[in-house]
Amino acid sequence: MSPRAVQHFLVIYNIPEGQAEVSPFGNDYRAALAAYEDAEQQHRDDPDIEIVLLGSDSAATLERTHSSYFQLTGKHIDEFVARELAELGLR
Amino acid sequence: MDNDREYSKKQVNRAGRCLRDPSVLATLSEEDWLEALAAIEWWRARHAKPLARVNAGLRYYVRKVGIEHPEVTQRLKRFVTVVDKLRRHPSMALTTMEDIGGVRVILPTQPHLDAVVTDLRSQPRWTIRRVREYVEGRTPGPKDDGYRAVHVTVEKDGCYVEIQLRTPWQDSWAQSVEQDTRRLRAGLKFGAGPSDLREYYVMVAEFFALRERHEEPDQEFMEQLANMFAATRRYFEDPREGGHA
């Protein structure tokens, strides 16, 4: 993959709802950057919103590398520990 | 805002100093505030191209260790976390902040990860500024909060880019803590939050590291983990328990 082929995604994460809104910008990093700056300014004083600009080969890859913005149900370490302790009869 | 304007490193660092210190910030005129903001956004935007080059280049080295579909993603640091970091590190100049541009790589095992780092270190075209191995028996070793990974800071086109390499075990732990830091608003990532919850995460990180090395934790370790698990249930059942510590 060439640097120009990197696909850019703006992620706007609503913390109380635990939901991410992902906007794809293709390989147009200028448009993605402008949207990033606009979104940050718009939500600057909103502690419930987290915004980040990510770039990868696909949305599927960033859902794996930045999974905290997506569903960790069944994958959260606490659930793993719960299962392990249950198997040992410790909970 | 003038999008074509360029700034010197001196101007960028001055802007960083203005935003870091609330007492200076309070004295800034509207014009100076916008100027400082523009300088910082310009510096961050300047990382976009080197970041994409590192992102694309890394995939070659990940494929070399036998990974057909590299899991590599870049991220440009959020404005608010740039300012937070400046405030946590009062002597840091903005232009020396190493992780404005970051690239995360997930590799199947620690040996895969080590092979990529060794390869990068042997390549003259990669300017390695620093390697930090947050892993047992390495330097500096796991972080106090339990975080494990290898971070490689490279210099590309006059910017620093931080590469975070993690195994799936290390990444699951970090992603879970990241999510809980947001959900509980507890600052767990930065050493804040309830002490029992932080101790629980440190122990889970050790548990994961043992599992990753195919080692079995002893009975005493597991009983202690079970006790900490029981003691921290309230944070998972009622997120408000985490508080704004």
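The written sequence of each chain sets the order in which its residues are numbered from 1. Lettering for chains starts from A, numbering for ligands starts from 1, and both go in the order in which the items are written. It should be noted that, the model being predicted, local features are given only for residues of pLDDT at least 70 and side-chain atom pairs only at 80 or more, the latter also being counted only at that level, while totals for whole chains, interfaces and linings use all residues. With hydrogens and water excluded, all non-hydrogen atoms of the structure serve as input to the side-chain values.

With respect to the interface of chain A and chain B
- Across the boundary between the two partners, chain A contributes 47 residues, which contact 51 residues of chain B.
- Between chain A and chain B, roughly 4,100 Å² of surface is buried when both sides are summed, and carbon and sulfur atoms account for 57% of that area.
- Salt bridges are defined by distance alone: a side-chain nitrogen of Lys or Arg within 4 Å of a carboxyl oxygen of Asp or Glu. In this assembly, chain A and chain B are joined by eight salt bridges.
- Within 3.5 Å is the distance limit for a polar contact, defined as a pair of N or O atoms, with the added protein rule that one can donate a hydrogen and the other accept it, and that residues adjacent in sequence qualify only through two side-chain atoms. Linking chain A to chain B there are 28 residue pairs in polar contact (both at pLDDT 80 or more).
- Listing elements by their share of the side of chain A that touches chain B, those giving two or more residues are β1 (7-14), α1 (29-42), β3 (49-56), α2 (59-65) and α3 (77-87) of chain A.
- Gly counts as polar in this scheme, as do all residues outside two lists: the nonpolar Ala, Val, Leu, Ile, Met, Phe, Trp, Tyr, Cys and Pro, and the charged Asp, Glu, Lys and Arg. Split into classes, the residues belonging to the side of chain A that touches chain B amount to 25 nonpolar, eleven polar and eleven charged.
- Here, strands pair whenever DSSP counts at least two bridges between them. Going along the chain from the N terminus, every DSSP run of H or I of four or more residues is numbered as a helix, and every run of E of two or more is numbered as a strand. As defined by bridge partners, β3(A) adjoins strand β1 (residues 71-76) of chain B across three bridges and the pair is classed as antiparallel. In the sheet register, G55(A) faces β1(B), and the bridge partner there is Q74(B). Should any heavy atoms of two residues lie within 4.5 Å, those residues are counted as being in contact. A simple way to read buried area is as the amount of 1.4 Å-probe accessible surface that goes missing from two parts once joined, with both sides added.

Comments concerning the side chain of D99(B)
- Within the element layout of this structure, D99(B) appears in the loop between α5 (79-88) and β2 (101-106).
- In terms of polar contacts, D99(B) uses its side chain to reach the side chain of K77(B), at 3.0 Å.

Focus: the environment of L10(A)
Residue and element names in this part refer to chain A.
- Assignment of secondary structure puts L10 in strand β1.
- Separated by 24 residues in sequence, L10 and A34 have C-alpha atoms that sit 10 Å apart.
- Every residue in contact with L10, bar those within four places of it in the chain, is listed here: E21, V22, S23, F25, A35, Y36, A39, I51, V52 and L53.

Examining helix α6 (residues 110-122) of chain B
- A helix is expected to span 1.5 Å multiplied by its residue count minus one. For α6(B), with 13 residues, the first-to-last C-alpha span of 18 Å sits near the 18 Å given by 1.5 Å per residue.
- Tucked into the core, α6(B) has its buried residues touching α4 (48-64), β3 (127-134), β4 (149-156), β5 (159-166), α7 (168-184) and α8 (195-212) of chain B.

Points about the domain arrangement of chain B
Residues and elements named next belong to chain B.
- In this document the domain limits rely on a domain assignment from an automatic tool or a database. Taken domain by domain, chain B holds domain 1 (47-166) and domain 2 (170-235).
- Taking only C-alpha atoms into account, the centre of domain 1 sits 24 Å from that of domain 2.
- Surface buried jointly by domain 1 and domain 2 totals about 1,100 Å² across both partners, of which 51% is contributed by carbon and sulfur atoms.
- Three residues, D145, R148 and R166, lead the burial of domain 1 against domain 2; their summed loss comes to 48% of the area buried on that side.
- Across the domain 1-domain 2 interface, the total number found is two salt bridges.

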